[in-house]
Amino acid sequence: MEPINALVALMNFVVIPATAYGAQLALGALGVTLVYGILRFSNFAHGDGMAFGAMATILFTWGLQALGVSLGPVPTALLALPLGIAVTALFLLGTDRVVYRFYRRQKANPVILVIVSIGVMFIYNGIVRLIVGPGDRFFDDGVRFIFTVRDFEAWTGLDEGFGLRTSQAITLITAVIVVAALFWFLNRTRTGKSMRAFSDNEDLALLSGINPERVVAVTWIIVAALTTLAGVLYGLDKSFKPFTYFQLLLPIFAAAIVGGLGSPLGAIAGGFVIAFSEVTITYAWKRVLAYAMPDSLEPSGLVQLLSTDYKFAVSFMILVVVLLFRPTGLFKGKSV
């Protein structure tokens, strides 16, 4: 039974957490790659855009809870998500109208837009902290576990338990649905095909009669949906804290670049590469190895390559390696 216990421990502490985290990074990286592929600049305000979307959803969640509305075992935040996405879409469209459109019409160098987005990032961060505060906000009012470690142990009789959190299951199911809907939209609808054409060749797309302002608006609406979903799912899985989303900018950009900037499929793959790398390198493997190895070879230390405090350093190292040796990423996106 020891190999089975090792597998259960691996699933409980590595595979499931990394998969849920990878899905959250993938949704965030999809927003980054859409902005880069269609609007042609790296949006450094993306992380704080996630924070704004999550904040808007939390405020609506609190309002619904005050009215006595509940989804029972499922977090009420799922009911507030459409409202959060709508507010975030209006906010991002307003930012584009007030800030980015001026530089786009001036055909400014992409580096200028990057610098502008850094300024927008600080404004977003200040707005979120001013409204909701800098501390942790827990808004998951549903059932915490689909099944607990004790339930699993009682069912199987194994020494090692396995628990599945509701937030993890919601993250995985939502990510699959959203990614499938996005790919259907980009490949099957006329608007999606227009966006792809605009991304491939802007001049030819304009000659074909594609309305650039409509493409830009639809892009920001999709990005708002992706950022809000990623922010809310991450907040449900961990907790909501504005500064955390600023820190998430590094692994999200790393995921987009590793997969290939401008490639939606690459953004998804990159999200899971970064997530599994961070989790496996910072996980203490003693528990798994204690089951998998003979007693005489059982490790005395934690068998941990890096502390969890250095989780984001893993993303940085992977990002540096990719930029040095394969700047187009795994799926040969646009060179960085």
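In this section: the overall build of the chain. Regarding its fold elements, the chain presents 14 helices and 2 strands. The globule rule puts the C-alpha radius of gyration for 336 residues at 20 Å, and the 21 Å found for the chain is close to it. Seen along its three principal axes, the alpha-carbon backbone of the chain occupies a region of about 70 × 55 × 40 Å. When each of the 336 residues of the chain is scored for burial, the buried share is 49%.

On to a nonpolar patch on the surface. On the surface, Phe-316, Met-317, Val-320, Val-321, Leu-324 and Phe-325 cluster together into a nonpolar patch covering about 640 Å² of accessible area. Within the secondary structure layout, Leu-324 lies in helix H14 (residues 311-325). Classification of Leu-324 by relative accessible area gives exposed; the value is 62%.

All right, on to the packing of aromatic side chains then. With the rule as written, the count across this model stands at 15 aromatic pairs. Relative to Tyr-245, the ring of Phe-240 has its centre 5.4 Å away and its plane inclined at 45°; by these criteria the two rings are tilted. For the residue pair Phe-240 and Tyr-245, the accessibility class agrees, reading buried in each case. Seen in terms of ring centroids, Phe-243 and Phe-246 are 5.4 Å apart; in terms of plane orientation they differ by 35°. Their pairing is tilted. One end of the pair, Phe-243, and the other, Phe-246, are both in helix H10 (residues 242-247), 3 residues apart, so they sit about a helical turn from each other. With relative accessibility at 37%, the residue Phe-243 sits in the partly exposed group. Taking relative accessible area as the criterion, Phe-246 reaches 32% and is therefore assigned partly exposed. These aromatic residues form a ring-pair network of at least three members: Phe-147, Phe-152, Trp-155 and Phe-162. Stacked on the ring of Tyr-21, the Lys or Arg Lys-311 has its end atom at 5.1 Å from the ring centre.

It is worth spelling out the packing of helix H6 (residues 166-188) against helix H7 (residues 190-200) at this point. Running from N to C, H6 and H7 cross one another at 80°; their axes reach a closest spacing of 5 Å. Comparing their axes, H7 and H6 come out roughly perpendicular. Contacts between H6 and H7 involve Phe-185, Leu-186, Asn-187 and Arg-188 on the former and, on the latter, Arg-190, Thr-191, Gly-192, Lys-193, Met-195 and Arg-196. Grouping the constituent residues of the contact of H6 with H7 by class yields 3 nonpolar, 3 polar and 4 charged.

Moving on: unusual backbone geometry. Even without being a glycine, Arg-40 presents a positive backbone phi close to 65°. Given a relative accessible area of 28%, Arg-40 falls into the partly exposed group. The phi angle at Val-303 is positive, at roughly 55°, despite the residue not being glycine. Note that Val-303 resides in the loop between helix H13 (286-292) and H14.

Another point: the pattern of salt bridges. As enumerated under the stated definition, the model contains 6 salt bridges in all. Measuring nitrogen to oxygen at the nearest pair gives 4.0 Å for the salt bridge that ties Arg-104 to Glu-213. With a gap of 109 residues between them, Arg-104 in helix H3 (residues 77-105) and Glu-213 in helix H9 (residues 212-237) connect regions that are remote in the sequence. What makes Arg-104 partly exposed here is its relative accessible area of 24%. Across the pair Arg-287 and Glu-160 runs a salt bridge, and its minimum N-O distance is 3.2 Å. Residue Arg-287 is located in helix H13, and its partner Glu-160 is located in the loop between helix H5 (149-156) and strand E2 (164-165); the two are separated by 127 residues in the primary sequence. Among the ionic contacts, a cluster of salt bridges with common partners joins Asp-96, Arg-104 and Glu-213.

Cut-offs applied
Residues numbered from 1 in each chain as written. Predicted model: local features only at pLDDT ≥ 70, side-chain atom pairs only at ≥ 80, totals over all residues. Heavy atoms only, no water. Helix = DSSP H or I, 4+ residues; strand = E, 2+ residues; numbered from the N terminus. Rg over C-alpha atoms; globule rule 2.2 N^0.38 Å. Buried < 20%, exposed > 50% of the residue type's maximum accessible area, 1.4 Å probe, protein only. Patch = residues over 30% accessible without salt bridge, like charges linked within 9 Å, V, L, I, M, F, W, Y side chains within 5 Å. Areas by Shrake-Rupley, 256 points an atom, 1.4 Å probe, with all protein chains shown as cover. Salt bridge = Lys/Arg side-chain N within 4 Å of Asp/Glu carboxyl O. Phe/Tyr/Trp six-rings, centres within 6.5 Å; stacked < 30°, edge-to-face > 60°. Lys NZ or Arg CZ within 6 Å of the ring centre and 35° of its normal. Axes fitted to C-alpha atoms, helices over the stretch in contact; angles between N-to-C directions. Parallel < 35°, antiparallel > 145°, perpendicular 65-115°, else oblique. Contact = heavy atoms within 4.5 Å. Nonpolar A, V, L, I, M, F, W, Y, C, P; charged D, E, K, R; others polar.

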